[in-house]
Amino acid sequence: MSKLHVIDHPLITHKLSIMRNKKTGSKDFRELLNEIAMLMGYELTRDLPLEPVTIETPITKMQAEMISGKKIAIVPILRAGLGMVDGLQSLVPVAKVGHIGMYRDPETHKPVEYYCKLPADIEQRLVILVDPMLATGGSAADALTKLKEHGCTHIRFMCLVAAPEGVKKVQEEHPDVDIYTAALDERLNDHAYIVPGLGDAGDRIFGTL
Ligand code: PRP
Ligand code: URA
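Residues numbered from 1 in each chain as written. Chains lettered and ligands numbered in written order. Predicted model: local features only at pLDDT ≥ 70, side-chain atom pairs only at ≥ 80, totals over all residues. Heavy atoms only, no water.

Caption draft 1: Fine view of the overall build of the protein. In terms of regular secondary structure, the protein is built from six helices and 15 strands. A compact globule built from 209 residues should have a C-alpha radius of gyration of about 17 Å, and the protein, at 18 Å, falls within 12% of that. Dimensions of the protein, computed from the C-alpha atoms along their principal axes, are close to 65 × 40 × 30 Å. Each of the 209 residues in the protein was classed as buried or not, and the buried ones make up 47%. Put simply, 64% of the contacts in the protein that link residues at least 6 apart link residues at least 24 apart. In the form shown here, the protein has an accessible surface area of approximately 10900 Å², with 55% of it arising from carbon and sulfur atoms. Across the protein, 24 positive and 28 negative side-chain charges occur, with their mean positions spaced 2 Å apart. (Helix = DSSP H or I, 4+ residues; strand = E, 2+ residues; numbered from the N terminus. Rg over C-alpha atoms; globule rule 2.2 N^0.38 Å. Buried < 20%, exposed > 50% of the residue type's maximum accessible area, 1.4 Å probe, protein only. Contact = heavy atoms within 4.5 Å. Areas by Shrake-Rupley, 256 points an atom, 1.4 Å probe, with all protein chains shown as cover. Lys, Arg positive; Asp, Glu negative; His and termini not counted. Charge placed at Lys NZ, Arg CZ, Asp CG, Glu CD.)

See below:
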């Protein structure tokens with residue numbers, strides 16, 4: 001079973017509370033989302049393996065340590081996932097970025113894919129799939145299936161707010177993928193929006209309310 005990591009560091013929780021407030025405008029919302037993505041990225045990458053390398057400081061030679069092994073790809077689910085890319089890339093500037101475009105059908109709430117462009121060597125990378133909202137879990141589960149169809153074997157999913165329904169779906173369909181979230185909310189409403197949530201993340205990021 002995949003693990004659910006709730007990254008509830010006080011700085012993250014504080015910033016998320018500002019984002020939840022309906023009075024917070026797009027500019028602040030975007031800035032806070034990127035700040036949280038960076039802080040969560042710090043936790044998500046905590047167990048990356050290090051390897052010894054010999055370097056020379058101005059004083060002497062030393063055996064230092066640097067990150068080894070798999071390279072990283074960041075894959076946002078469009079649109080709202082775009083809001084987390086800059087924050088993560090500031091931590092891992094050499095990461096490549098793929099894109100999966102999906103929107104939820106307003107009637108069925110099921111995801112509809114409209115775009116997919118991934119780095120050619122994505123199967124060799126640790127993939128961080130990002131989307132601020134994990135509601136029914138349909139979008140994340142389908143995006144994870146897509147990544148696996150492209151050969152990805154080492155994937156982590158990072159969101160901002162998760163509903164129990166979405167966590168259950170992703171864990172059932174992708175037991176190999178750990179989920180990192182800043183908050184686990186109560187439930188979904190009749191329109192499959194997260195309660196209390198923060199509304200429509202894409203609209204709040206891009207000002208399309
Ligand atoms: C939102 C959100 C997720 C999806 C989550 O996107 O960014 O991708 O809904 O819902 P789910 O877990 O029930 O699939 P939306 O479809 O509103 O598209 P947008 O990002 O383009 O606004
Ligand atoms: N998508 C959002 O942007 N917000 C929700 O609460 C659910 C899906």
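Structure shown, so let's carry the discussion forward.
Caption draft 2: Highlighting the site of ligand 1. Near ligand 1 you find 16 residues, and of these Arg-104, Asp-131, Thr-136, Gly-137 and Ser-139 are the closest. One nitrogen or oxygen atom from the side chain of Arg-79 is found 2.9 Å from an oxygen atom belonging to ligand 1. Within the backbone of Ala-80, one N or O atom sits 3.1 Å away from an oxygen atom of ligand 1. Isolated, ligand 1 exposes 500 Å² of accessible area, and the fraction of that covered by the protein chains is 91%. Elements that contribute at least two residues to the shell around ligand 1 include exactly β6 (99–104), β9 (133–134) and α4 (138–149). The element best represented in the shell around ligand 1 is β6, accounting for three residues. Among the residues making up the shell around ligand 1, the classes are represented as seven nonpolar, five polar and four charged. (Near = heavy atom within 4 Å. Polar contact = N/O pair within 3.5 Å; in protein donor to acceptor, adjacent residues only side chain to side chain. Nonpolar A, V, L, I, M, F, W, Y, C, P; charged D, E, K, R; others polar.)

Caption draft 3: Representation of the pattern of salt bridges within the structure. This structure, assessed with the given rule, holds 12 salt bridges. One salt bridge in this structure joins Lys-148 and Asp-176, with 2.8 Å as the shortest N-O distance. Here Lys-148, found in helix α4, pairs with Asp-176, found in the loop between α5 (164–173) and β12 (178–181); they are 28 residues apart in sequence, far enough to count as distant. Classification of Lys-148 by relative accessible area gives partly exposed; the value is 27%. (Salt bridge = Lys/Arg side-chain N within 4 Å of Asp/Glu carboxyl O.)

Caption draft 4: View of the packing of aromatic side chains. Per the counting criterion, the structure on display carries one aromatic pair. Taking NZ or CZ as reference, Arg-104 lies 5.4 Å from the ring centre of Tyr-193, over its face. (Phe/Tyr/Trp six-rings, centres within 6.5 Å; stacked < 30°, edge-to-face > 60°. Lys NZ or Arg CZ within 6 Å of the ring centre and 35° of its normal.)

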